[in-house]
Amino acid sequence: MPLESSTIVELFARAVYSPILRISSTHMATTPVTSVLPGQVSQMRVQFLPDGKHFIYSVRTSLTSGDPGARINAQSLDGGDPILLLANQSRALAVPDYLLFAQDRNLFAQRMDWKAVRKIGEPFLIARNVAAFPAYLGTSEFTASQNGVLIYGTATGSSVDQFNWYARDCAMIGTFEPVIGFQQFTLSPDVKHLALNSFHQHATGSLWLVDLTTPLTTDPRGQSDPVWPPDSRYVAFNLTSQWWV
């Protein structure tokens, strides 16, 4: 959610067969910033790049767990053709100088020139045995802050049951075991909170903060996909295909 002068701009995906949409604090009407091309059924998991003028998003050509046509695109807020970054069905995460993504339960980093929106060299392996949930359309359990902190869940058994904390030299510096089962998580930019999507409270999912070990939301409708702003003061999330903060 970058700032254009004093204006806050947000991007989101509404539903299947919908493009990525834009809304701002000064112009509340939504406008599309991408186009759904023939054969595409979903565009989702949108994230701004560091310049605040470009963004990345996932494209699906099937809503099944296996999608050979899935890809990660980059695009400008001003329009233009999408830029193919990866032919991969995992979600991707943009951090300074790198694009993080999972493939076959392995976590990779692709060095990027974000100013030119182009890849540099070949991707390299960061971690093995990363938890993934094919039923969640390519969801893999990892997240990273913008200051170099990476956290991910390992694929032990049938669920994720422990977080590992790693320093930049790949040395493990700590672990954390959540008190509830979960499937999605995201780390706050200040590295003090972890938002989890759990099915412990009700079958449609609820959001929890791990430092409080209490629910962040109590709405009976399903909640998912928590997103932190740069100041870590609130959480935006999906509430049955509507965004709330």
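Whatever comes next refers back to the structure up there.
All of the points below concern the structure found in this document. Since this is a predicted model, take the numbers as computed values, not measurements. (Residues numbered from 1 in each chain as written. Predicted model: local features only at pLDDT ≥ 70, side-chain atom pairs only at ≥ 80, totals over all residues. Heavy atoms only, no water.)

Remarks on unusual backbone geometry
Trans peptide bonds make up the majority, and among non-glycine residues the majority have a negative phi.
And step 1. Look at V117: it is not a glycine, yet its phi comes out positive at around 50°.
And step 2. Classification of V117 as buried rests on a relative accessible area of 7%.
And step 3. Despite not being glycine, N129 has its phi angle at roughly 60°, a positive value. (Buried < 20%, exposed > 50% of the residue type's maximum accessible area, 1.4 Å probe, protein only.)

Comments concerning the pattern of salt bridges
And step 1. In the structure shown here, the tally under the stated rule is one salt bridge.
And step 2. Salt-bridge contacts for D113 lead to R118; the nearest nitrogen and oxygen are separated by 3.6 Å.
And step 3. Looking at D113, the relative accessible area reads 21%, which means it is partly exposed. (Salt bridge = Lys/Arg side-chain N within 4 Å of Asp/Glu carboxyl O.)

Considerations on the packing of aromatic side chains
And step 1. Considering all chains together, one arrives at three aromatic pairs under this definition.
And step 2. Consider the rings of F55 and Y57, whose centres lie 5.7 Å apart with planes at 35°: the pair is tilted.
And step 3. Classification of F55 as buried rests on a relative accessible area of 0%.
And step 4. Ring centres of Y98 and F124 lie 5.9 Å apart, and the angle between their planes is 90°; on these two criteria the pair is classed as edge-to-face. (Phe/Tyr/Trp six-rings, centres within 6.5 Å; stacked < 30°, edge-to-face > 60°.)

Details of the sheet that holds strand β8 (residues 79–86)
And step 1. The antiparallel open sheet is built from four strands, whose spatial order is β5-β6-β7-β8. Strand pairing shows two members of the sheet lacking a second neighbour, β5 (42–48) and β8, which therefore form its edges. Strand after strand, the sheet turns through a mean of 30° between neighbouring axes, direction not considered.
And step 2. Summarising the sheet, strand β6 (residues 54–60) and strand β7 (residues 71–76) pair through six bridges and their orientation is antiparallel. Paired with I56 across the two strands is A74, which belongs to β7. (Pairing = 2+ DSSP bridges. Helix = DSSP H or I, 4+ residues; strand = E, 2+ residues; numbered from the N terminus. Axes fitted to C-alpha atoms, helices over the stretch in contact; angles between N-to-C directions.)

Section: the pairing of β8
And step 1. Both β7 and β8 contribute to a ladder of four bridges, which runs antiparallel. Along β8, the bridge assignment pairs S76 with G79.
And step 2. Between β7 and β8, which pair antiparallel and follow one another directly, the connecting turn spans two residues.

What about the environment of Y57?
And step 1. Here Y57 lies in strand β6.
And step 2. Among residues more than four places away in sequence, those in contact with Y57 are I20, T34, Q43, M44, R45, V46, R71, I72, N73, Q75 and P82.
And step 3. A distance of 3.1 Å separates polar atoms of two side chains, one belonging to Y57 and the other to Q75. (Contact = heavy atoms within 4.5 Å. Polar contact = N/O pair within 3.5 Å; in protein donor to acceptor, adjacent residues only side chain to side chain.)

Some words on the environment of A167
And step 1. Turning to its location among the elements, A167 is positioned in the loop between β18 (163–166) and β19 (172–176).
And step 2. Sequence separation of A167 and V149 is 18 residues, and the distance between their C-alpha atoms is 7.1 Å.

With respect to the side chain of Q110
And step 1. Relative to the helices and strands, Q110 resides in strand β11 (residues 106–113).
And step 2. Given a relative accessible area of 2%, Q110 falls into the buried group.
And step 3. Polar side-chain contacts of Q110 include one of 3.1 Å to the backbone oxygen of I120.
And step 4. A polar contact is formed between the side chain of Q110 and the backbone oxygen of G121, at a distance of 3.2 Å.
And step 5. Sequence-distant contacts of Q110, that is, excluding residues within four places in its chain, are made with D97, Y98, L99, F101, K119, I120, G121, E122 and P123.

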